[in-house]
Each structure stands twice: as C-alpha cells, then as structure tokens.
Amino acid sequence: MLKELEDRIRKLDVDTIINTGELAELIEDNPYSPFPQFILTERPDAAASQILQGRIVVIVDRSPSVLVGPANFISYFQNIDDYSTRWSIATFIRSLRVFAFFVAIFLPAFYIAVISYHFEIIPVKLLLTIGEFRGRVPFPPFVEAVIMEITLEMMREAGIRLPAPVGQTVGIVGGIVIGQAIVQAGLINNIMVIVVSFTAIASFILPNYDMVAAVRLIRFAMMIAASMFGFVGIIAGMMTLIGHLIALESLGTPYSGPFGPVRFSDWKDAFVRLPLWTMIRRPLSARAVQAIRQGSNRPKGDGK
C-alpha cells in the first residue's frame, strides 16, 4: 500500500502542489465521488494516532494539514478526543454522529415525500396543523426546501468569510431575522423552518468538514428524488448510496470496511468505541505490517 501511494505521487506531472487538498484530489481512487477518500487533519495527535493504527501520513510542504490514508467511511465519524474520554461516553457520541449523518441527508427529503405523496401516514391533528401553515404558502414543498437550504448555505459561507466574532453574529441574527421574515411573508411555513434547522444542527455534529461537504451535496440529490417519487425515490437513493460506498476504495482498500467486507475484529472501534484494553490488534483495513499493538492490559484489581 505504501508503494502504491508512492507510485501515485511519482506519476504526478504538475508545476507545484500548494496544499494537501490538491494532492488528495490528484491521487484519490475515484475523483467523481462526493465522499472524501483521504483524511486531512491539522492536529499532530490525530496524525500520530493514525500512524499508530498502521496508516500512512503524507506531509506537504507549505500546507498546515497532513494527508492520511487509507481511509474508510467510519473513520470520518471518529475523533481523537474519543480516546481521551470514557468508552461509554465516546460510544454514545459516535452513535449520535451516525444518527446525525442520516438526519442531515434524509430529513428534508422525508418531509418532502410525506407532504407531497404520503400525507396519510401523518396523525390527523398534526396534519391539520401542517395544512393550516401550508395553506398560505404558494410553493410546493420541494421549492420551499430548496429556498431554505440555499439560504442556509449562503449564510454558512458568509459566516466563514467574515471575521469570527462578526460571522457568529451574522449567523445567529441573520437566521432569526430572515427566518421570521420569510415565515411572516408567507413564503415558507414554520414546519419547514424547523426541518431545515434540525438538518443544519445535525450536519454541524459531524467532526470532519469534508464529510459534511459531501452530506450537503447528497442532501439535494435526495430532495430531488423525494420530490419526484416519494418514499420510492428515497429508498432508491439510499440503495444507490450504499452501492457506491461498497464499490468505493481508498488506496485500493474497501471504503465500506469493516462492514463490507465484514471484519468483526474492527467493530470494536467503529460505530462504538470499546475500552482501549480490548483493542489488541490494529485495524485490518490499514494492512499494518505489525498487527498486534498491545498486550493484555486489563487490571485485575488489588494491585494485580
């Protein structure tokens, strides 16, 4: 795997590489995939942890971040801080991140599908409330969602470009003022504002920016599928997404591991984080030369 990475770098024919993101785009397996196939990090402890797991770290001159590979899907839900807290708390936080991933992708699409095609599954009292709010809105649910999502993306980018104190103020005040004004003008209903707010919060929970950017793109594709085919479109989109993840690779290693192919030994540090003393072997997806990273360190008590 190291030789494969070296060969890809040697074959590059460019004047210069300014940052790590350029290198990742030039050597990744599938440049047309929305999912990142390398991990970019600026934290020395995170890079050291990846090396100790058997992965490769590439340092690029003039860039503050390093490139880590091979990466798999679950590695974008892990954070170096997970290993400095109790395993039960880290497991809960990781489970929350996975739940937030699905919320950020499917919640607006689910709302569009329910309102447009499957309103019979909504309880009657809630349906009357939604009908009261939607009676004043001139747009279909898909147009509502697109307007709110585009507005949210514009505010997000504006907050990034502005200085930090001003950006936070613009994000909070702008969200409140614009949201209230749009609702009072009858362009958007209150339920849609709630849905988009939950979606934004869920996307902020994910610890990796590249994965957040991929989620933002996939969300629009799911909204289009839901507006055309309802739940059938969402299910077809989910199947396409799963198939793409299974086919994707990072440095020739399966991107969907340890779930496809199934590697039960790596599940100890996947959606859950078991105690450190149970992680005797390095992840199989890293193809480490030295598979064993520690012995049995479980204390017996009473000084044993």
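Residues numbered from 1 in each chain as written. Predicted model: local features only at pLDDT ≥ 70, side-chain atom pairs only at ≥ 80, totals over all residues. Heavy atoms only, no water.

Trainee: Explain the packing of helix H4 (residues 87-116) against helix H6 (residues 141-161) here, please?
Mentor: For any two helices packed against each other, one specifies the inter-axial angle together with the distance between the axes. Contact geometry of H4 with H6 gives a least axis separation of 9 Å together with a crossing angle of 155°. Our classification of the angle between H4 and H6 gives roughly antiparallel. Considering only the axes of H4 and H6, their crossing is right-handed. For the pair formed by H4 and H6, the contact residues are Pro-108, Tyr-111, Ile-112, Ile-115 and Ser-116 on the first element and Pro-141, Phe-142, Ala-145 and Glu-149 on the second. Classifying every residue of the contact of H4 with H6 by side-chain character gives seven nonpolar, one polar and one charged. (Axes fitted to C-alpha atoms, helices over the stretch in contact; angles between N-to-C directions. Helix = DSSP H or I, 4+ residues; strand = E, 2+ residues; numbered from the N terminus. Parallel < 35°, antiparallel > 145°, perpendicular 65-115°, else oblique. Left-handed = near helix turned anticlockwise from the far one by under 90°. Contact = heavy atoms within 4.5 Å. Nonpolar A, V, L, I, M, F, W, Y, C, P; charged D, E, K, R; others polar.)

Trainee: Hey, could you run me through the confidence of the model for the chain in this one?
Mentor: Low-pLDDT portions of the prediction should not be read for the details of their coordinates. Looking at the chain as a whole, the pLDDT averages 86, with 94% of positions reaching at least 70. Confidence, read as mean pLDDT per element, is least for helix H7 (residues 164-184) in the chain (69) and greatest for helix H10 (residues 231-247) (94). (pLDDT = per-residue confidence, 0-100.)

Trainee: Can you help me understand the environment of Ala-288 in this one?
Mentor: Relative to the elements of secondary structure, Ala-288 occurs in the segment after strand S5 (253-254). It is 56 Å that separates the C-alpha atoms of Ala-288 and Leu-187, two residues lying 101 residues apart in sequence.

Trainee: In this structure, what is going on with a nonpolar patch on the surface? I would like to understand it.
Mentor: Together, Ile-89, Phe-92, Ile-93, Leu-96, Phe-99, Ile-201 and Ile-205 line one region of the surface with nonpolar side chains, adding up to about 650 Å² of accessible area. Counting residues per element, the nonpolar patch draws most heavily on H4, at five residues. Position of Ile-201 relative to the elements: it lies in helix H8 (residues 190-205). (Patch = residues over 30% accessible without salt bridge, like charges linked within 9 Å, V, L, I, M, F, W, Y side chains within 5 Å. Areas by Shrake-Rupley, 256 points an atom, 1.4 Å probe, with all protein chains shown as cover. Salt bridge = Lys/Arg side-chain N within 4 Å of Asp/Glu carboxyl O.)

Trainee: Help me understand unusual backbone geometry, please; the structure alone is not making it clear to me.
Mentor: Backbone geometry follows two general trends: most residues other than glycine have a negative phi, and most peptide bonds adopt the trans configuration. Of the consecutive residues Gly-69 and Pro-70, the connecting peptide bond is found in the cis state with omega at -5°. For Pro-70, the position within the fold is in the loop between strand S3 (66-69) and H4. The step from Gly-257 to Pro-258 runs through a cis peptide bond, and the omega angle for that step is 10°. Positive phi, normally seen in glycine, also occurs at Arg-62, with a value near 75°. For Arg-62, a relative accessible area of 53% puts it in the exposed group. Phi is positive for Leu-251, close to 55°, though the residue is something other than glycine. A relative accessible area of 3% places Leu-251 in the buried class. (Buried < 20%, exposed > 50% of the residue type's maximum accessible area, 1.4 Å probe, protein only.)

Trainee: Before we go on, may I ask you to explain helix H3 (residues 44-52) in this structure?
Mentor: Quick reminder: α-helices carry 3.6 residues per turn. Residues three or four places apart thus point the same way. Of the residues making up H3, those classed as buried are Ala-46, Ala-47, Ser-49 and Gln-50. Down the axis of H3, the buried set is contained in an arc of 160°. They therefore lie on one face. More than 90 degrees from the buried face of H3, the exposed residues found are Pro-44 and Leu-52. Contact partners of the buried residues in H3: strand S1 (39-41), strand S2 (56-59) and S3. (Arc of directions from axis to C-beta.)

Trainee: In this structure, what is going on with the packing of aromatic side chains? I would like to understand it.
Mentor: Think of a pair of aromatic rings as described by two things: how far the centres are apart, and how the planes are tilted against each other in angle. If you walk through the whole model with that rule in mind, you get 12 aromatic pairs. Measuring from ring centre to ring centre gives 6.2 Å for Phe-102 and Phe-106, while their planes differ by 15°; the resulting arrangement is stacked. In this pair, Phe-102 and Phe-106 are both assigned in helix H4, four residues apart and thus about one turn of the helix distant. Ring geometry for Phe-259 and Trp-267: centres 5.2 Å apart, planes at 40°, overall tilted. Judged by relative accessible area, which is 34%, Trp-267 ranks as partly exposed. Every member of this aromatic cluster is reached through a ring pair, and the members are Phe-35, Phe-73, Tyr-76, Phe-77, Phe-101, Phe-102, Phe-106 and Tyr-255. (Phe/Tyr/Trp six-rings, centres within 6.5 Å; stacked < 30°, edge-to-face > 60°.)

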